[in-house]
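Examination of the molecular architecture
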Amino acid sequence: MAVRRGFRAKALVARMVTHTVTALVYQQNRRERVDVFLDGRPGLSLAAVLAATLAVGQQLSDEAIAELQQADAREQAYARTLHFLSFRARSEAEVRRYLATRHLSDADSEAVIERLTRVGYLDDQAFARAWVASRNRSRPRGAQALRYELQQKGIHPDIIRTVLADLEPAELAYAAARPQAERWRQLDPHAFRQKMGAFLSRRGFAYDVIRPTVDRLLREAALNDAAGADVDD
């Protein structure tokens, strides 16, 4: 019995092999990375923020090394995701899809998402408001079109409802229609109504918004024509 316990103790010691950190060297071309030398030989490469927790002479078990490698994988994924976000704001669903291409575990992906959310880089409500504001500055469109776009970005329905509740559909429709109205001002009222109605419908505006908008544009066109006729007289 004592012999068996002796074998088990030796096996346990064998599994607890440690390695000594003998050097920490910044990589020449990637100063954010550090090469960690173990027992006098290159051992692993870590993000500088992780390597800063180590010291020459420190003992590392195989388990500790594996944990450092996992933490480094998360750190690299976080850095790459920050670069991904540098081009434009993204929704949480977009970031999740991006992380899926990095072949991380579910736990690692969640850790990156949680960190990005904590520091304010991920905020679906702020993203949705900014998306709607940008769209309406460049090409105003109706709630239907905006709802579809936000759904494609993976925004939660509750957030979509909250953001779209702040819209003024009549003013957005008018802003979208005015440039087109100038182009079609020579059309007769029937043709103008048809073309403008189809245009606003494609932009995602509902019929109960389209009709009064077109009426408003036609009234303005008639007033402008009357004013022009008075000047000519």
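Please read all numbers here as calculations on a predicted model, not as lab measurements. (Residues numbered from 1 in each chain as written. Predicted model: local features only at pLDDT ≥ 70, side-chain atom pairs only at ≥ 80, totals over all residues. Heavy atoms only, no water.)

Let's talk about the confidence of the model for the chain
Inclusion rule: pLDDT measures the predictor's confidence residue by residue and takes values from 0 up to 100. Note on contacts: a residue pair qualifies if any of its non-hydrogen atoms lie within 4.5 Å across the two residues.
Mean pLDDT over the chain stands at 87; residues scoring 70 or higher make up 88%. Note that residues 229-233 has pLDDT below 50 and, in this model, 0 contacts with residues that lie over four places away or in other chains.

Quick look at the pairing of strand β2 (residues 33-38)
Side-chain positions along a regular strand alternate between the two faces of the sheet. Quick note on the threshold: Here a strand pair is declared whenever DSSP counts at least two bridges between the two strands. Numbered from the N terminus, helices here are DSSP runs of H or I no shorter than four residues, and strands are runs of E no shorter than two.
The pairing of strand β1 (residues 18-26) with β2 spans 5 bridges and is antiparallel. Looking at the pairing, V21 lines up with L38 of β2. Linking β1 to β2, which pair antiparallel, is a turn of 6 residues. Inspection of the sheet shows β2 paired to strand β3 (residues 41-47) by 6 bridges, in the antiparallel sense. Each bridged residue has a counterpart across the sheet, and for V34 the counterpart in β3 is L46. Between β2 and the antiparallel strand that follows it, β3, lie 2 residues; D39 among them carries a positive phi value of about 55°.

Some points on the sheet that holds β1
For clarity, the threshold we go by: Only the stretch in contact is used when fitting a helix axis, every axis being a line fitted to C-alpha atoms; angles between N-to-C directions are given from 0 to 180 degrees.
Across the sheet, 4 strands lie side by side as β3-β2-β1-β4; this open sheet has antiparallel pairing. Two strands close off the open sheet at either side, each with one partner strand: β3 and β4 (59-61). Taking the axes of each pair of neighbouring strands and ignoring which way they run, one obtains an average angle of 45° across the sheet.

Quick notes on the packing of aromatic side chains
Cut-off, in case you're wondering: Stacked, edge-to-face and tilted labels apply to pairs of Phe, Tyr and Trp rings (six-membered ring for Trp) whose centres lie within 6.5 Å, assigned for plane angles under 30 degrees, over 60, and everything in between, in that order. Either the NZ atom of lysine or the CZ atom of arginine qualifies as a charge over a ring when it sits within 6 Å of the ring centre and within 35 degrees of the ring normal.
Applying the stated rule across the entire model yields 3 aromatic pairs. Where F84 meets Y98, the ring centres are 4.3 Å apart and the plane angle is 10°; that geometry is what we call stacked. Pair noted here: F84 is in helix α3 (residues 62-87) and Y98 is in helix α4 (residues 92-100), with a separation of 14 residues, a long-range link. Above the face of the Y78 ring, R115 is positioned so that its terminal group lies 3.6 Å from the ring centre.

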